[in-house]
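Per-entry structural report
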Amino acid sequence: MTGDKMTENGAEKGYSLARRFPDGAVRRGSLSRVMEEWTDEERWLFFSPHDDDLAIGGGLLMAAAAAEGVSQRARIVTDGRMGYTSVTGADEIVRVRQEETAASFRILGVSDYAWYGYPDSQLHLHLGRRAADRAGQGDPHSVAGFCGLQNSFTAELRSFRPNRVFIMSSADYHPDHKLVHQEVLISLFHAGGDIWPELGPPLEETPRVYEIAAYCPFVEDPDLEIRTGASLFEKKIASIEAFASQAQIAHLVEGLRRGGPVEYVRTFPFTFYDSRRYEKLFSSEER
């Protein structure tokens, strides 16, 4: 199927989603027809390590969700300070990238976005949760007197209360991508528990978790495919080209054009330990 041959209910909005089941069957159609447990009040939360990651790996998905009226929130974890491509631009790069991000999300139809401001490429210094500096110095993002990635993510989850959460693949090469992936998963555990009540009431249900990829293959095959027509595809390309300060953008766009108007998403098997999962392994008779 090409990007111009949409199927069923997503067609009039320029996209089609396909879901592959474990038995090999494929269902195609709109977001509401294909995604599991669709609700009338979808709330999608995207945690993006860097400001351009979502446009590169999930621009088509976000544009399609915007066309369907899905409530989307994007939180950018780092400040992009390491993205300068000239020595003279180092002092201005954070401000410039914020302006570029605003333009990028405007193109995709996403208005709810913000930055935590953690230092780019230094997330290893901000793992977990700790008391914030009372003087307010040196803490990129604090909530209720605490800081750290787990504090930021848990507070966000309890505040927005999403039914779907999107993170970059754990296989992506950049350490920031791996650490955000790691800290979001443990924060989902925290967000549903009774600890840290100052961050808000616990989640009543655990959101479904999905991975998107930007720079390398998934760890396991994706089960969702989104294809679009030319209009949404050009929106994605324009949203990436908005990051004009990034010298490698032209190379990325060239590669995306070769791949065509398609993205893949992997439903992440997020669950909690249950011993009953393993009972059948030991149910055979003794020798």
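As recorded in an unreviewed UniProt entry, the protein goes by N-acetylglucosaminyl deacetylase, LmbE family and comes from Alkalispirochaeta americana.

Regarding its fold elements, the protein presents 7 helices and 12 strands. Its C-alpha atoms put the protein at 65 × 50 × 40 Å along the principal axes. Considering the protein as a whole, with its 287 residues, one finds that 48% of them fall into the buried category. Considering only residue pairs separated by 6 or more positions, the protein has 74% of its internal contacts joining residues 24 or more positions apart. Carbon and sulfur atoms form 50% of the exposed surface of the protein, whose accessible area is close to 14400 Å².

This part takes up the sheet that holds strand β7 (residues 142–143). Taken in spatial order, the 3 strands of this open sheet run β6-β8-β7, and their pairing is antiparallel. Among the strands making up the open sheet, the edge pair consists of β6 (130–131) and β7. One ladder, built from 2 bridges, connects β7 with strand β8 (residues 146–147); its direction is antiparallel. Directly across from Ser 142, in β8, lies its bridge partner Cys 147.

Moving on: the sheet that holds strand β2 (residues 26–29). Taking strand neighbours across the sheet as the criterion, the 9 strands line up as β2-β1-β11-β12-β10-β9-β3-β4-β5 in an open arrangement whose pairing is mixed. Across the chains shown, the open sheet's two edge strands, defined by having one partner strand only, are β2 and β5 (112–118). Across the sheet, the mean angle from the axis of one strand to that of its neighbour is 20 degrees, orientation sign disregarded. Pairing of strand β4 (residues 71–78) with β5, which is carried by 5 bridges, proceeds in the parallel orientation. Residue pairing for β5: Ile 76 is matched across the bridge by Trp 115. Packed on one face of the sheet, helix α2 (residues 53–67) meets β1 (15–20), β3 (43–48), β4, β9 (164–168), β10 (208–212), β11 (224–228) and β12 (262–268) and runs near 90 degrees to β12.

The next thing to look at is unusual backbone geometry. Positive phi, close to 55 degrees, is recorded for Arg 161, a residue that is not glycine. The backbone phi angle of Trp 196 is positive, close to 55 degrees, even though this residue is not glycine. Along the chain, the position of Trp 196 falls in the loop between α5 (175–191) and β10.

A few words on α5. Between its first and last C-alpha, α5 extends 24 Å over 17 residues, near the 24 Å set by a 1.5 Å rise per residue. The element α5 is largely enclosed, with a buried count of 12 among its 17 residues. Buried residues of α5: Asp 176, His 177, Leu 179, Val 180, His 181, Glu 183, Val 184, Leu 185, Ser 187, Leu 188, His 190 and Ala 191, and no others.

Within the largest apolar cluster, 38 residues are counted, with the highest numbers of intra-cluster contacts made by Leu 31, Trp 44, Phe 46, Leu 61 and Phe 105. Looking at which element gives the most residues to this core, the answer is α2, with 9 residues. Phe 47, Leu 123, Leu 157 and Ala 191 belong to the second largest nonpolar core, which has 21 residues in total.

Let us look at the pattern of salt bridges. Counted under the stated rule, the structure contains 24 salt bridges. Between Arg 95 and Glu 92 there is a salt bridge whose closest N-O contact spans 2.8 Å. In this structure Glu 92 comes out as partly exposed when scored by relative accessible area, which is 38%. Each of the salt bridges in this network shares a partner with another, and the network as a whole consists of Arg 19, Glu 36, Glu 37 and Arg 208.

Let us look at the pairing of β11. Within β11, 5 of the 5 residues are buried, which leaves the element mostly enclosed by the surrounding structure. Here β11 shows no split at all, with Leu 224, Ile 226 and Thr 228 on one side and Glu 225 and Arg 227 on the other all buried. Two elements, β1 and β11, share 5 bridges in a ladder whose sense is antiparallel. Pairing of Ser 16 across the sheet is with Arg 227, part of β11. Across 4 bridges, the pairing between β11 and β12 is antiparallel. What sits directly across from Glu 225, in β12, is Tyr 264.

If you trace the backbone, Gln 150 turns up in helix α4 (residues 149–160). Spatially, the C-alpha atom of Gln 150 lies 32 Å from that of Ile 237, the residues being 87 residues apart in sequence. At a separation of 2.9 Å, a polar atom in the side chain of Gln 150 contacts the side chain of His 190.

Bringing the packing of helix α6 (residues 230–241) against helix α7 (residues 249–259) into the picture now. At a minimum axis separation of 10 Å, α6 and α7 run at an interaxial angle of 165 degrees. Looking at the two axes, α6 sits roughly antiparallel to α7. The two elements α6 and α7 cross, and the hand of that crossing is right-handed. Across the interface between the two elements, Phe 233, Glu 234, Lys 236, Ile 237, Ile 240 and Glu 241 from α6 touch Ile 249, Val 253, Leu 256 and Arg 257 from α7. Taken together, the residues of the contact of α6 with α7 break down into 6 nonpolar, no polar and 4 charged.

Rules used throughout
- Residues numbered from 1 in each chain as written.
- Predicted model: local features only at pLDDT ≥ 70, side-chain atom pairs only at ≥ 80, totals over all residues.
- Heavy atoms only, no water.
- Helix = DSSP H or I, 4+ residues; strand = E, 2+ residues; numbered from the N terminus.
- Buried < 20%, exposed > 50% of the residue type's maximum accessible area, 1.4 Å probe, protein only.
- Contact = heavy atoms within 4.5 Å.
- Areas by Shrake-Rupley, 256 points an atom, 1.4 Å probe, with all protein chains shown as cover.
- Pairing = 2+ DSSP bridges.
- Axes fitted to C-alpha atoms, helices over the stretch in contact; angles between N-to-C directions.
- Expected span 1.5 Å × (residues − 1).
- Core = buried A, V, L, I, M, F, W, Y, C linked by side-chain atoms within 4.5 Å.
- Salt bridge = Lys/Arg side-chain N within 4 Å of Asp/Glu carboxyl O.
- Polar contact = N/O pair within 3.5 Å; in protein donor to acceptor, adjacent residues only side chain to side chain.
- Parallel < 35°, antiparallel > 145°, perpendicular 65-115°, else oblique.
- Left-handed = near helix turned anticlockwise from the far one by under 90°.
- Nonpolar A, V, L, I, M, F, W, Y, C, P; charged D, E, K, R; others polar.

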